[in-house]
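If you want the building blocks of each chain, they are given just below.
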Amino acid sequence: MTVEPRPYLAIRDMPADERPRERLLKYGASSLSAAELLAIVLRTGTKQESAVHLAERVLSAMGSLPAIANAEPRELTQVKGIGTVKAVEMKAAVELGRRLLVEGDAVKPVIHEPDDVAGLLMSRLQHEPQEQFLVILLDTKNHVLKVVTATVGTLDSSLVHPREVFRAAVGAACASVILVHNHPSGDPTPSPQDVEVSKQLVEAGRILGIEVLDHVILGNRRWVSMRKRGLI
């Protein structure tokens, strides 16, 4: 889909109730479209188009918000009108949103079931192009203390070393952990390597006195609990 050219209208020339910033202040952020929210991040357009139209072109060129989130700054700068500064601003906004999902201090999430793990991390991991191995640190009541990234890359026993997985857990004096990683293919079915690594980490946790409650694999809107499948 391409965005058709249209007569240039600067945001300052729009009626006040149509400007993204004013609409956000009056109606709240949820009332704005993705393009309008992105326009606020971009702040300015080009000499030929407003920030809103530039944002629409970025969305059209990249294909989706997840694609923007996963793009490298150099990929974003391939869109006409997006320089290094605007690309970096978009990436920073995305990263803040991701961190807010897992580091918000207002209410500490509680993990009761693997569904809770998926609810906490699915939006963060389901569109990642590389495997990421995360560790959820829990207190004695299964409140989430922190989520840390242990490794990024193909999951194998040489990469996912207990030292990397349990370093933060030991430092936080947590009671237990849940291991989480994503399958970029979208299929969360555990591989033999997943099973092997999981068993090694469960044993390492036992030696350290930190229980591994589960290892949850996330795919595209699907997940698998290795504990529920009896694999660990």
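The paragraphs below set out a description of the structure included in this document. (Residues numbered from 1 in each chain as written. Predicted model: local features only at pLDDT ≥ 70, side-chain atom pairs only at ≥ 80, totals over all residues. Heavy atoms only, no water.)

A separate point is the overall build of the chain. Secondary structure assignment for the chain yields 9 helices and 5 strands. Listing the helices and strands of the chain from first to last along the sequence gives α-α-α-α-α-α-α-β-β-α-β-α-β-β. Within the chain, the fraction of its 232 residues that count as buried is 41%. Of the contacts made within the chain by residues no fewer than 6 positions apart, 60% connect residues no fewer than 24 positions apart. (Helix = DSSP H or I, 4+ residues; strand = E, 2+ residues; numbered from the N terminus. Buried < 20%, exposed > 50% of the residue type's maximum accessible area, 1.4 Å probe, protein only. Contact = heavy atoms within 4.5 Å.)

Where strands meet in a sheet, backbone hydrogen bonds hold them as pairs that are either parallel or antiparallel. Spatially, S2-S1-S3-S4-S5 is the arrangement adopted by the 5 strands of the open sheet, whose pairing is mixed. Each of the sheet's edge strands pairs with one partner strand only, and the pair in question is strand S2 (144–152) and strand S5 (223–225). For this sheet, the mean inter-axis angle between neighbouring strands, taken without regard to orientation, is 20°. Bridge count for strand S3 (residues 176–182) against strand S4 (residues 211–218) is 7 bridges, and the pairing is parallel. Bridged to His 181 within S4 is Ile 217. (Pairing = 2+ DSSP bridges. Axes fitted to C-alpha atoms, helices over the stretch in contact; angles between N-to-C directions.)

Looking now at the nonpolar core. In this structure, Leu 38, Val 58, Ile 68, Leu 76, Ile 82 and Met 90 are the most contacted members of the largest nonpolar core, which totals 18 residues. Counting only elements with at least two residues in this core, the list comes to helix H2 (34–42), helix H3 (51–62) and helix H6 (84–103). With 7 residues, the top contributor of residues to this core is H3. Once you skip the residues sitting within four places of it in the chain, Leu 76 turns out to touch Met 62, Ile 68, Ala 71, Ile 82, Ala 87, Met 90 and Lys 91. Membership of the second largest hydrophobic core comes to 17 residues, among which are Phe 166, Leu 179, Val 197 and Ile 210. (Core = buried A, V, L, I, M, F, W, Y, C linked by side-chain atoms within 4.5 Å.)

With that settled, the discussion passes to the side chain of His 215. Checked against the element boundaries, His 215 lands in strand S4. At a separation of 2.8 Å, a polar atom in the side chain of His 215 contacts the side chain of His 181. Among all residues touching His 215, those that are not within four sequence positions of it are Phe 133, Leu 179, Val 180, His 181, Asp 194, Ser 198, Val 224, Ser 225, Met 226 and Ile 232. (Polar contact = N/O pair within 3.5 Å; in protein donor to acceptor, adjacent residues only side chain to side chain.)

The next subject is the packing of H2 against H3. One way to put it is that H2 packs onto H3 with a least axis distance of 8 Å and a crossing angle of 115°. In terms of orientation, H2 lies roughly perpendicular with respect to H3. Viewed along their axes, H2 and H3 form a crossing whose handedness is right-handed. Across from Ala 34, Ala 35, Leu 38, Ala 39 and Leu 42 in H2, the residues of H3 making contact are Ala 51, Val 52, Leu 54, Ala 55, Glu 56, Val 58 and Leu 59. Its residues assigned to classes, the contact of H2 with H3 comprises 11 nonpolar, no polar and 1 charged. (Parallel < 35°, antiparallel > 145°, perpendicular 65-115°, else oblique. Left-handed = near helix turned anticlockwise from the far one by under 90°. Nonpolar A, V, L, I, M, F, W, Y, C, P; charged D, E, K, R; others polar.)

One pass over the full model with this rule turns up 6 salt bridges. Between Arg 206 and Glu 203 there is a salt bridge whose closest N-O contact spans 2.5 Å. In this pair, Arg 206 and Glu 203 both sit in helix H9 (residues 192–208), 3 residues apart, roughly one turn of the helix. (Salt bridge = Lys/Arg side-chain N within 4 Å of Asp/Glu carboxyl O.)

For strand S1 (residues 132–138) and S2, the ladder comprises 7 bridges, and the chain directions are antiparallel. By the bridge assignment, Ile 136 is partnered in S2 with Val 147. Counting the residues that bridge the hairpin from S1 to S2 gives 5 residues, and of these Asn 142 lies at a positive phi of roughly 65°.

Further remarks concern unusual backbone geometry. Backbone geometry at Asn 142 places phi at a positive 65°, although glycine is not the residue there. When you line up the elements, Asn 142 lands in the loop between S1 and S2. Non-glycine residue Arg 221 carries a positive phi angle of around 65°. By the secondary structure assignment, Arg 221 is in the loop between S4 and S5.

Now for the packing of helix H8 (residues 162–172) against H9. Packing of H8 against H9 brings their axes to within 10 Å, and their N-to-C directions diverge by 45°. With respect to H9, the axis of H8 lies oblique. Relative to H9, the crossing made by H8 is right-handed. Residues Pro 162, Val 165 and Phe 166 of H8 form the contact with H9, whose own contacting residues are Leu 201, Ala 204, Gly 205 and Leu 208. Looking at the contact of H8 with H9 residue by residue, the classes come out as 6 nonpolar, 1 polar and no charged.

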